[in-house]
Amino acid sequence: MHLQMLEELCNQLYPSLLKYFLSQVANYHIAEELTQETLFRACSSYTSFKGHSSLKTWIFGIAHHTLHTYYRKSKNKELSLYFSSHTSSVEEQVLLKDDYIHLTRAIHDLEETERQVVLLRSYVELDFISIGEILSLTPNNCRVIYCRSRQKLKKLLEKDDLK
């Protein structure tokens, strides 16, 4: 694969990577920096790509490691989901923001692996094979974790509604 094809893939993945990082950190600028750092690392270490997975999976693996490096450096492990609303009324925006806060808290209450599987599947829309390669899990294990995590989220959100 030529470096030009890698550059095209990076341009295609930029929005997905940014969305992934926005789902992890509270600051758009930090998410943008992490995205750029991931793409820089991918381009810099392209020669070490062995082809055991797809290039997309390999780049998201780099993103996963970049995020952990960021967490270690900043000690900032607070999860924040990206929120955008295209609703017209203020009431709808308030309700959506309230739902968003409940969902953010519920996802934050999941264990690290569960949170990663849910975010990579739901927000980045990766398949279970790719998620497994990124997190060093089997695809079946990812499916089970995803299913159980969704059940946990449902219970957590129902519990929040009762309060």
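The paragraphs below set out a description of the structure included in this document. (Residues numbered from 1 in each chain as written. Predicted model: local features only at pLDDT ≥ 70, side-chain atom pairs only at ≥ 80, totals over all residues. Heavy atoms only, no water.)

1. Section: the overall build of the protein chain
Right, so step 1: Along its length, the protein chain carries 7 helices and 0 strands.
Right, so step 2: Each helix (α) and strand (β) of the protein chain, taken in turn from the N terminus, gives the series α-α-α-α-α-α-α.
Right, so step 3: Counting across all 163 residues of the protein chain, residues that qualify as buried make up 39%.
Right, so step 4: Residue pairs in contact within the protein chain that sit at least 24 positions apart in sequence constitute 62% of those at least 6 positions apart.
Right, so step 5: Counting every atom, the protein chain has about 10,100 Å² of accessible surface; 53% of that belongs to carbon and sulfur. (Helix = DSSP H or I, 4+ residues; strand = E, 2+ residues; numbered from the N terminus. Buried < 20%, exposed > 50% of the residue type's maximum accessible area, 1.4 Å probe, protein only. Contact = heavy atoms within 4.5 Å. Areas by Shrake-Rupley, 256 points an atom, 1.4 Å probe, with all protein chains shown as cover.)

2. Let's talk about the side chain of Gln116
Right, so step 1: Considering the arrangement of structural elements, one finds Gln116 in helix 5 (residues 112-122).
Right, so step 2: What makes Gln116 buried here is its relative accessible area of 1%.
Right, so step 3: Apart from the residues within four sequence positions on either side, Gln116 is in contact with Tyr20, Gln24, His64, Leu67 and Leu135.

3. What about unusual backbone geometry?
Right, so step 1: Positive phi, normally seen in glycine, also occurs at Ser136, with a value near 60°.
Right, so step 2: Checked against the element boundaries, Ser136 lands in the loop between helix 6 (128-135) and helix 7 (139-162).

4. Description of the packing of helix 5 against helix 6
Right, so step 1: At their nearest, the axes of helix 5 and helix 6 sit 10 Å apart, and the two run at 140° to each other. Comparing the axis directions of helix 5 and helix 6 gives the class oblique. Considering how the two elements wind past one another, helix 5 and helix 6 form a crossing that is right-handed. Only Phe128, Ile131, Ile134 and Leu135 of helix 6 make contact with helix 5, whose side of the interface consists of Gln116, Val117, Leu120 and Arg121.
Right, so step 2: Per-class residue counts for the contact of helix 5 with helix 6 are 6 nonpolar, 1 polar and 1 charged. (Axes fitted to C-alpha atoms, helices over the stretch in contact; angles between N-to-C directions. Parallel < 35°, antiparallel > 145°, perpendicular 65-115°, else oblique. Left-handed = near helix turned anticlockwise from the far one by under 90°. Nonpolar A, V, L, I, M, F, W, Y, C, P; charged D, E, K, R; others polar.)

5. Focus: the pattern of salt bridges
Right, so step 1: In the structure shown here, the tally under the stated rule is 3 salt bridges.
Right, so step 2: The residue Arg41 makes a salt bridge to Glu37 at a minimum N-O spacing of 2.6 Å. With Arg41 and Glu37 both in helix 2 (residues 28-44) and 4 residues apart, this pair spans about one turn of that helix.
Right, so step 3: Owing to a relative accessible area of 28%, Arg41 belongs among the partly exposed residues under this scheme.
Right, so step 4: Looking at Glu37, the relative accessible area reads 32%, which means it is partly exposed.
Right, so step 5: Ionic pairing is found between Arg115 and Glu112, a salt bridge with its closest N-O pair at 2.7 Å. In this pair, Arg115 and Glu112 both sit in helix 5, 3 residues apart, roughly one turn of the helix. (Salt bridge = Lys/Arg side-chain N within 4 Å of Asp/Glu carboxyl O.)

These figures capture arrangement, not role.
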